Amino acid sequence: MFVVKMETKPKSEHLLALKVMRLTRPTLASPVVVTCDSTDLPGNTLNNELKNDCTALQGMETLTVGQFMVLPQSFGNIYLGEIFSSYLCVHNGSKQLVKNVTVKANLQTNTQIISLSGNSGEMKDLPPDSTVDEVIHHEVKEIGTHILVCEVTYAPTNIGATSQSFRKYYRLEVVKPLDVKTKFYNAESDEVYLEAQIQNLTAGPICLEKVSLESSHLFSVTTLNTNKKGESIYGSVNVLDPDCSRQYLYCLRPQLTLLKDPKMMHNATNIGKLDIVWRSNLGERGRLQTCQLQRMAPEYGDLRVTIKDIPPKVYLEQSVTLNCHIINTSERSMDLMLCLESGNSIAWCGISTTKIGTLKPGASIDIPLCIIALHSGIITISGLKLEDTYLKKTYDYDDLAQIFVYQNH
């Protein structure tokens, strides 16, 4: 159900009058809930008054749910992503026939001029006390000041009269309905985790109908916002009250082409776009799509070292074999020497110094290593050093991975 709101008054020097109204939905009148326990001093007086309130919904008086619709008394807010609808009415209040009536409507933003009138250029004859009506719609895609320009052109039938025209200007302010904040985490496994926080900035509650991440062609995305049954963790109806927020988490895995080329992986900063669809309390639909989200590329230095193939269970004082993955991320060849130093948490098994050999730029190698956990609980794999014999430069790695060590059977 739509209602209209008057925005301007016609000028008397023209035969035609233009009225522009905004089409919007009404709001619900809610009662003011003032209640108390029947054992309190007022007794049931306040409760009886609330039940007799004409705006209260019978049986649910304390839920502030109204049963009457209220016509808006002001122009209201226009939110980014909503459909702006307006009703244009041209009325012939004179006593003569007016010919060649045309109505044009343009919306001027900070960057462009958009034509909204559907019958632009179509001429009509308007008898006395007749109207030309038109409804225009536009999805608002920019924040800031918008100017709605309506122009009416007509030709009087008086002898010697020339064509007449006039314009009306209406200022519209478009504001943000949602505040979207993002955080990125670059995992050692090359996965990228995105946390998106969405806050409702509108004046009333909204229902988040869809929140999805459209990833770039460099990544594949997995949502982490559902339970084991595939249902949303926020339920089938995700109602978000004003100033409240929701957090969404996504996991992005790089494509195989990125994993094969460290340079491409480092330069893959475009993650994708968030697509958000919501509805107001009376079903008005809005959509917001963010620009391309950019992550900060991780800085690996000359060498990137990761631990792979860690067993799911590691027991105290038992040997464990894993792989050390080394990638040359520099622009030069390196002649590498591997050095192992045992610490308080782990002991390395095998030769403490191993010659790896020449590693070209972008090349990688896997070296099997064996460790023994000396303590139970969470321990850190450390004590690994790589030495470039060309430049006599040493690279220390004291926080390669963390593993949980169980007590012996």
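Owing to the predicted nature of the structure, the values given are computational and were not obtained by experimental measurement. (Residues numbered from 1 in each chain as written. Predicted model: local features only at pLDDT ≥ 70, side-chain atom pairs only at ≥ 80, totals over all residues. Heavy atoms only, no water.)

The next point concerns a nonpolar patch on the surface. Together, I378, F404 and Y406 make up a nonpolar patch on the protein surface, roughly 310 Å² of accessible area in all. Here F404 is to be found in strand 32 (residues 401-406). Relative accessible area serves as the criterion here: at 44%, F404 is assigned to the partly exposed category. (Patch = residues over 30% accessible without salt bridge, like charges linked within 9 Å, V, L, I, M, F, W, Y side chains within 5 Å. Areas by Shrake-Rupley, 256 points an atom, 1.4 Å probe, with all protein chains shown as cover. Salt bridge = Lys/Arg side-chain N within 4 Å of Asp/Glu carboxyl O. Helix = DSSP H or I, 4+ residues; strand = E, 2+ residues; numbered from the N terminus. Buried < 20%, exposed > 50% of the residue type's maximum accessible area, 1.4 Å probe, protein only.)

This brings us to the pattern of salt bridges. Counting across every chain of the model gives 13 salt bridges. Close ionic contact of R171 with E173 constitutes a salt bridge, the shortest N to O distance being 3.3 Å. Assessed through its relative accessible area of 40%, E173 is described here as partly exposed. Note that R332 is salt-bridged to D302, the shortest N-O span being 3.7 Å. One end of the pair, R332, is in the loop between strand 24 (319-328) and strand 25 (334-340); the other, D302, is in the loop between strand 21 (293-294) and strand 22 (303-308), with 30 residues separating them in the sequence. Taking the relative accessible area as the measure of exposure, R332 reaches 26% and is therefore partly exposed. Looking at D302, the relative accessible area reads 22%, which means it is partly exposed. The network of salt bridges with shared partners includes D302, R332, D388 and K393.

This paragraph deals with the nonpolar core. If you look at the biggest cluster of nonpolar residues, it comprises 49 residues, and the most contacted ones within it are L16, L18, V90, L148, C150 and L208. Looking at this core, the element that brings in the most residues is strand 7 (residues 98-108), giving 5 residues. In contact with L208, not counting residues within four places along its chain, are N238, L240, R246, Y248, I276, V277 and W278. V320, I379, L400 and I403 belong to the second-largest nonpolar core, a separate cluster that totals 31 residues. (Core = buried A, V, L, I, M, F, W, Y, C linked by side-chain atoms within 4.5 Å. Contact = heavy atoms within 4.5 Å.)

Before going further, it helps to spend a moment on the pairing of strand 30 (residues 384-388). Taking every second residue as pointing to the same face, the buried face of strand 30 carries L384, L386 and D388, while none of K385 and E387 on the other face is buried. Pairing analysis gives 5 bridges linking strand 25 to strand 30, with the strands arranged antiparallel. Bridge pairing links L340 to L384 in strand 30. In the sheet, strand 30 pairs with strand 31 (residues 393-397) via 5 bridges, with the strands oriented antiparallel. When the sheet's bridge partners are listed, K385 is paired in strand 31 with D396. (Pairing = 2+ DSSP bridges.)

By the secondary structure assignment, D275 is in strand 19 (residues 270-280). At 3.0 Å, the side chain of D275 forms a polar contact with the side chain of R287. (Polar contact = N/O pair within 3.5 Å; in protein donor to acceptor, adjacent residues only side chain to side chain.)

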